[in-house]
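Summary of the model geometry
Now for the letters of each chain:
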Amino acid sequence: MTDTAGQAPKPVALSLQGLSRQFGTFKALDSVSLDIEEGEFFTIVGPSGSGKTTLLRILAGLDQPTAGRLLLRGADITKMPPNKRPTAMVFQSLALFDHRSVGENVEFALKMRGRPKAERHARALELLDLVQLGHDYHARPVTQCSGGERQRVALARALASDPEILFFDEPLSALDYRLRKTLEVELRELQRRTGRTFVYITHSLEEAMVMSDRIGIMRDGGLVQIGTPAEIYGRPGDRFVARFMGEVNIFELNKGHLTAFDQNLPAGNRFMTAVINGHMVVRPEMLHPVQPEDGGVQFDVTVTEVFHLGSRVQLHLDSVAGQLVAELPASSPLRAGQTVRFGFDPALAHCVPE
Ligand code: ATP
């Protein structure tokens with residue numbers, strides 16, 4: 001596991017120390033250790049079944065680990081029930097009280113704590129402002145709210161008890177694309193405004209990239225890499241993370257020799273000392289048409305497909321190294337069927353040691 005944030009550490013909000021969860025003989029969570037900082041937006045991403053929900057349920061106190069400890073600002077809360085923790089959870093399924101008004105939903109936690117009516121009402125209006133819903137929503141039945149509005153109500157309800165940490169279990173996954181994009185930005189802004197620690201799980205990498213300070217990648221019950229979105233995209237720790245982080249071309253590296261192109265990397269390449277056996281990770285945007293004098297790694301390709309992605313085009317290419325994917329500006333004149341010389345600068349590529 002690598003942690004490449006490289007900045008002075010902030011105070012730790014939540015410390016996960018060797019958390020494991022076994023169901024019978026199956027280890028759904030395998031000794032997960034991680035420090036989440038105060039005021040951090042931390043996202044856990046991973047494929048289906050990798051253990052995200054299992055981990056989040058333990059962090060929120062909805063389940064107990066079979067081994068390991070969970071510390072909140074240094075205090076052991078592993079066995080503390082969820083209602084005693086200064087944390088709140090926003091679920092994918094929203095879990096709103098449908099037969100109640102928006103105001104009643106938002107005020108629920110305060111009512112449970114016996115706060116007076118006037119105080120509850122004032123706080124609910126404050127929270128509606130925070131999640132950008134008008135005060136007229138206070139009296140509106142939840143059933144008359146749209147999907148996006150319901151999500152905002154759920155957020156306001158979670159924030160009502162002024163939790164130190166908010167946990168999110170794929171809260172946007174049921175919403176349409178445009179709304180999701182809007183709420184991603186709003187959630188990020190809300191997190192900055194409130195200064196709270198957000199721990200978010202999703203299988204959407206795009207969501208994680210937009211919102212997070214750091215991302216933890218889960219695989220088979222373990223955290224395989226932790227880093228900022230840029231670090232994880234630019235310097236994946238292995239081929240699994242590289243592939244998980246979007247389209248990628250991966251080439252075998254054997255003693256500094258790129259097998260597929262039968263080319264040796266130039267001496268002095270910064271990766272030669274670090275990784276001489278393993279794989280080279282070349283993102284689609286690093287592959288482009290070249291002239292012989294450009295140097296680098298060069299090879300002939302035949303364009304097989306051209307997909308328009310708005311401001312860019314994605315090209316599928318047939319090459320001696322098999323099917324490759326490249327991304328060029330939309331102004332690229334290349335069309336399917338053309339044979340062109342393509343290449344990349346190996347000094348800009350990232351290598352993984354396996
Ligand atoms: P998804 O993205 O599909 O929600 P996930 O990463 O959240 O997946 P989990 O729900 O944490 O994955 O499940 C991790 C593994 O643990 C899965 O193989 C799942 O079948 C198993 N698992 C989860 N809960 C239980 C349980 N109560 N009993 C037995 N196995 C379980």
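Because the structure is predicted, anything quoted here is derived from the model rather than measured.

1. Remarks on the pattern of salt bridges
- Per the stated rule, a full pass over the model turns up 18 salt bridges.
- For Arg73, the salt bridge is made with Glu164, and the minimal N-O distance between the two is 2.5 Å. Of the two residues, Arg73 is situated in the loop between strand 4 (67-72) and strand 5 (75-76) and Glu164 in the loop between helix 4 (147-160) and strand 7 (165-169); the sequence distance between them amounts to 91 residues.
- The class of Arg73 is partly exposed, set by a relative accessible area of 47%.
- Look at Glu164 and you get partly exposed, because its relative accessible area is 27%.

2. Quick look at the layout of surface pockets
- Reported here for the largest pocket is a volume of approximately 680 Å³.
- As for the largest pocket, its lining consists of 25 residues, of which Thr87, Ala88, Met89, Ala109 and Ser161 are closest to the centre.
- Examining the composition of the lining of the largest pocket, we find that four residues originate from one element, strand 6 (residues 87-90), more than from any other.
- Taken together, the residues that form the lining of the largest pocket break down as 18 nonpolar, three polar and four charged.

3. What about unusual backbone geometry?
- One non-glycine residue, Arg73, adopts positive backbone phi at about 45°.
- Positive phi, normally seen in glycine, also occurs at Asp262, with a value near 50°.
- With respect to the helices and strands, Asp262 occurs in the loop between strand 12 (257-258) and strand 13 (263-264).

4. A word on the site of the ligand
- Taken together, Phe23, Phe26, Ala28, Pro47, Ser48, Gly49, Ser50, Gly51, Lys52, Thr53 and Thr54 make up the full set of residues near the ligand.
- Take Ser50: an N or O atom from its main chain is 3.1 Å from an oxygen atom of the ligand.
- A distance of 2.8 Å separates an oxygen atom of the ligand from a polar atom in the side chain of Lys52.
- When isolated, the ligand has an accessible area of 630 Å², and the protein chains bury 57% of it.
- Those elements giving two or more residues to the shell around the ligand turn out to be strand 2 (26-37) and helix 1 (52-60).
- At three residues, the largest contribution of residues to the shell around the ligand is made by helix 1.
- Split into classes, the residues belonging to the shell around the ligand amount to four nonpolar, six polar and one charged.

5. Here's the deal with the packing of aromatic side chains
- Scanning all chains against the criterion turns up eleven aromatic pairs.
- Ring plane angle 70° and centroid distance 4.8 Å describe the contact between Phe251 and Phe261, whose orientation is recorded as edge-to-face. In this pair, Phe251 is assigned in strand 11 (residues 249-254) and Phe261 in the loop between strand 12 and strand 13, connecting sequence segments ten residues apart.
- On the basis of relative accessible area, Phe251 is assigned to the buried category, the value being 3%.
- Pairwise contacts between aromatic rings join Phe41, Phe168, Phe198 and Tyr200 into one cluster.
- Its guanidinium or amino end placed over the ring of Tyr233, Arg283 lies 4.2 Å from that ring's centre, counting from NZ or CZ.

6. Some thoughts on the domain arrangement of the protein chain
- Domain parsing of the protein chain yields domain 1 (1-86 + 164-245), domain 2 (102-162) and domain 3 (247-353).
- For domain 1 versus domain 2, the separation of C-alpha centres amounts to 26 Å.
- Contacts between the two partners involve 15 residues from domain 1 and, on the opposite side, ten residues from domain 2.
- Surface buried jointly by domain 1 and domain 2 totals about 1,000 Å² across both partners, of which 61% is contributed by carbon and sulfur atoms.
- Considering only the surface of domain 1 that becomes buried against domain 2, Leu166, Glu186 and Leu190 emerge as the three largest contributors, covering 35% of it.
- Our enumeration of links across domain 1 and domain 2 arrives at two salt bridges.
- The tally of links from domain 1 across to domain 2 stands at four residue pairs in polar contact (both at pLDDT 80 or more).
- When contributions to the side of domain 1 that touches domain 2 are tallied by element, the ones reaching two or more residues are strand 7 and helix 5 (177-194).
- Here the element with the most residues in the side of domain 1 that touches domain 2 is helix 5; it accounts for eight residues.

Definitions and cut-offs
Residues numbered from 1 in each chain as written. Predicted model: local features only at pLDDT ≥ 70, side-chain atom pairs only at ≥ 80, totals over all residues. Heavy atoms only, no water. Salt bridge = Lys/Arg side-chain N within 4 Å of Asp/Glu carboxyl O. Helix = DSSP H or I, 4+ residues; strand = E, 2+ residues; numbered from the N terminus. Buried < 20%, exposed > 50% of the residue type's maximum accessible area, 1.4 Å probe, protein only. 1 Å grid on protein atoms, 1.4 Å probe; cavity = no way out; pocket = protein on both sides within 12 Å on 5 of 7 lines; lining within 4 Å. Points joined across faces, edges and corners; volume = space filled by probe spheres on them. Nonpolar A, V, L, I, M, F, W, Y, C, P; charged D, E, K, R; others polar. Near = heavy atom within 4 Å. Polar contact = N/O pair within 3.5 Å; in protein donor to acceptor, adjacent residues only side chain to side chain. Areas by Shrake-Rupley, 256 points an atom, 1.4 Å probe, with all protein chains shown as cover. Phe/Tyr/Trp six-rings, centres within 6.5 Å; stacked < 30°, edge-to-face > 60°. Lys NZ or Arg CZ within 6 Å of the ring centre and 35° of its normal. Domains from an automatic or database assignment. Contact = heavy atoms within 4.5 Å. Buried area = accessible area lost by both parts, 1.4 Å probe.

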